[in-house]
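Chain and residue survey
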Amino acid sequence: MAKQIHSMIRVLDEERSVAFYDKAFGLKVADRLDFPDFTLIYLSNPETEFELELTVNKGQTEPYDLGNGYGHLAVSVSDLDSEHARFEAEGLSPRKLVSFAPAGEVIARFFFVADPDGYQIEVLERGGRFK
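First, a word on scope: everything that follows refers to the structure included in this document. (Residues numbered from 1 in each chain as written. Predicted model: local features only at pLDDT ≥ 70, side-chain atom pairs only at ≥ 80, totals over all residues. Heavy atoms only, no water.)

**Quick notes on the layout of surface pockets**
In plain terms, the rule: Grid spacing is 1 Å over the protein atoms alone, the probe is 1.4 Å, and a cavity is where that probe fits but cannot get out, while a pocket is an open set with protein on both sides within 12 Å along at least five of seven lines and lining residues have an atom within 4 Å of a point. Grid points are joined across faces, edges and corners, and a volume is the space filled by probe spheres set on the points. A run of H or I in DSSP counts as a helix once it spans at least four residues, and a run of E counts as a strand once it spans at least two, with each numbered from the N terminus.
Its volume calculated, the largest pocket comes out at about 690 Å³. Residue lining of the largest pocket: 25 residues in total, with Thr48, Phe50, Ala74, Val75 and Ser76 positioned closest to the centre. Looking at the lining of the largest pocket, the elements that each hand over two or more residues are helix H1 (14-25), strand S3 (38-45), strand S4 (48-57), strand S5 (73-77), helix H2 (80-89) and strand S8 (120-125). The biggest single contributor to the lining of the largest pocket is S5, with 5 residues. By volume, the second largest pocket is sized at about 240 Å³.

**Considerations on the environment of Arg126**
The test is simple: For each residue, the accessible area found with a 1.4 Å probe, counting protein chains only, is set against the maximum for its type, and the residue is called buried under 20%, exposed over 50%, and partly exposed in between. Between N or O atoms, a polar contact is any pair within 3.5 Å; within protein, one atom must be a potential hydrogen donor and the other a potential acceptor, and residues adjacent in sequence are included only when both atoms are from side chains.
Tracing the sequence through the fold places Arg126 in the segment after S8. Accessibility expressed as a relative area gives 36% for Arg126, which makes it partly exposed. Along the primary structure Arg126 and Ser76 are separated by 50 residues, whereas in three dimensions their C-alpha atoms are 5.4 Å apart. Here Glu47 takes part through its side chain, which lies 3.2 Å from a polar atom of the side chain of Arg126.

**Let's talk about the pattern of salt bridges**
If charged atoms from side chains of opposite charge come close, those side chains can pair. Note the following rule: A side-chain nitrogen of Lys or Arg and a carboxyl oxygen of Asp or Glu constitute a salt bridge if their distance falls within 4 Å.
Applying the stated criterion across every chain yields a total of 10 salt bridges. For the salt bridge of Arg109 with Asp81, the shortest nitrogen-to-oxygen distance reads 2.9 Å. You can see Arg109 sitting in strand S7 (residues 108-114) and its partner Asp81 sitting in helix H2, a full 28 residues away along the chain. With its nearest N and O atoms 3.1 Å apart, the salt bridge here joins Arg109 to Glu125. Here Arg109, found in strand S7, pairs with Glu125, found in strand S8; they are 16 residues apart in sequence, far enough to count as distant.

Written out as structure tokens, the structure reads:
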């Protein structure tokens, strides 16, 4: 069996991205590996062993082209309404709260927020399959 351990995204500004992920999700720097051409920053929190790896390519001055393929990271929280309010108070510009009920029964509640590089993060209320 394989165990998921991290997901990597490329970011333009290390300080700005580390600050966002700390403020938004309580992710702290678990490790930082500096190389001549790039730096890897691993972020985590006590909720899970899964880490977010930020890759900063030295010399990159333009924002990355995220392409036209839709993708996102997802996190779960116990109280979606209070997290949405906290994101608003922190100036993180969360999108609207959504109750997803394609067949009339709510199967998920969530909102999205974009990080400083434009990556989309889905914040889901814990319950059902979203633990």
